[in-house]
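Residue strings, one per chain:
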Amino acid sequence: DEVYPIMNLGMDECDNIISFLSRFKNIKTDFINKTEHNTRVVNLFYKGLNVEFVCPKTGKRKTYDREENSTEPTLPLDYDWIKPALSQLDGILINMVSGVDITINTLQKIRESFSGYIHLDVHNVVMQTDETGGRTQSSVNNWFEWCKLSDTLQMNESELQVITPEKLS
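Rules of the game
- Residues numbered from 1 in each chain as written.
- Predicted model: local features only at pLDDT ≥ 70, side-chain atom pairs only at ≥ 80, totals over all residues.
- Heavy atoms only, no water.
- Helix = DSSP H or I, 4+ residues; strand = E, 2+ residues; numbered from the N terminus.
- Buried < 20%, exposed > 50% of the residue type's maximum accessible area, 1.4 Å probe, protein only.
- Contact = heavy atoms within 4.5 Å.
- Areas by Shrake-Rupley, 256 points an atom, 1.4 Å probe, with all protein chains shown as cover.
- Pairing = 2+ DSSP bridges.
- Axes fitted to C-alpha atoms, helices over the stretch in contact; angles between N-to-C directions.
- Arc of directions from axis to C-beta.
- Polar contact = N/O pair within 3.5 Å; in protein donor to acceptor, adjacent residues only side chain to side chain.

### Concerning the overall build of the protein
For the protein, the count of helices and strands is six helices and nine strands. Buried residues in the protein amount to 36% of all 169 residues. Pairs at least 24 residues apart make up 68% of the contacts formed inside the protein by residues separated by at least 6 positions. When the accessible area of the protein is evaluated, it comes to approximately 10300 Å², of which 50% is carbon and sulfur surface.

Spelled out as structure tokens, the structure:
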């Protein structure tokens, strides 16, 4: 199998990442776009915060003991950059670093022109970044649009609980 990472990478990291990925014969770097904007940096701080989430359906408990913050996100991918790759792909895994790596409009265009399998990891769809760079889970007003454009979704219990304003269980 061949893997085609399709992403924008900032000028600060692009050459290093392409150099690393080029060591693997099955990874094709043709659709990595070097941008003027730096690559987003996310920092995780494990501070013993011990914020507890209780699944309303199962009663299972999960403790979150980290805080996230980040720099500005790398620019979102433009559909025109993605379009030439679509004919070479059997499936697409969308696993955003920032939650804005791809817009809902771009995903709609992909779905309209791509009949293959699309898998979406919703982790960074629900992660919102505030003006100080702090990152927290938050509901997504257009959550249903994101979900219906993919064939399968990946999320944990707390992401399911927070993705909609209605708080699903």
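### Here we look at the sheet that holds strand β5 (residues 91–94)
Ordered by their spatial adjacency, three strands build an open sheet running β5-β6-β9, and the pairing between neighbours is parallel. Edge positions in the sheet fall to β5 and β9 (152–154), since each has one partner strand and no second. Pairs of neighbouring strands in the sheet enclose a mean axial angle of 15 degrees, with direction left out of account. As judged from the three bridges shared by strand β6 (residues 117–121) and β9, these two strands associate in the parallel manner. Residue pairing for β9: histidine 119 is matched across the bridge by threonine 152.

### A few points about helix α2 (residues 79–86)
Taken as a whole, α2 has its buried residues at Tyr79, Ile82, Ala85 and Leu86. Looking straight down α2, one finds that the buried residues subtend no more than 120 degrees of arc, so they occupy a single side. Exposed and facing more than 90 degrees away from the buried side of α2 are Asp80 and Lys83. As for α2, its buried residues are in contact with β5 and α3 (104–113). One side-chain oxygen at the N-terminal end of α2 lies 2.9 Å from the backbone nitrogen of aspartate 80; it belongs to aspartate 78.

Function cannot be inferred from these measures alone, as they are strictly geometric.
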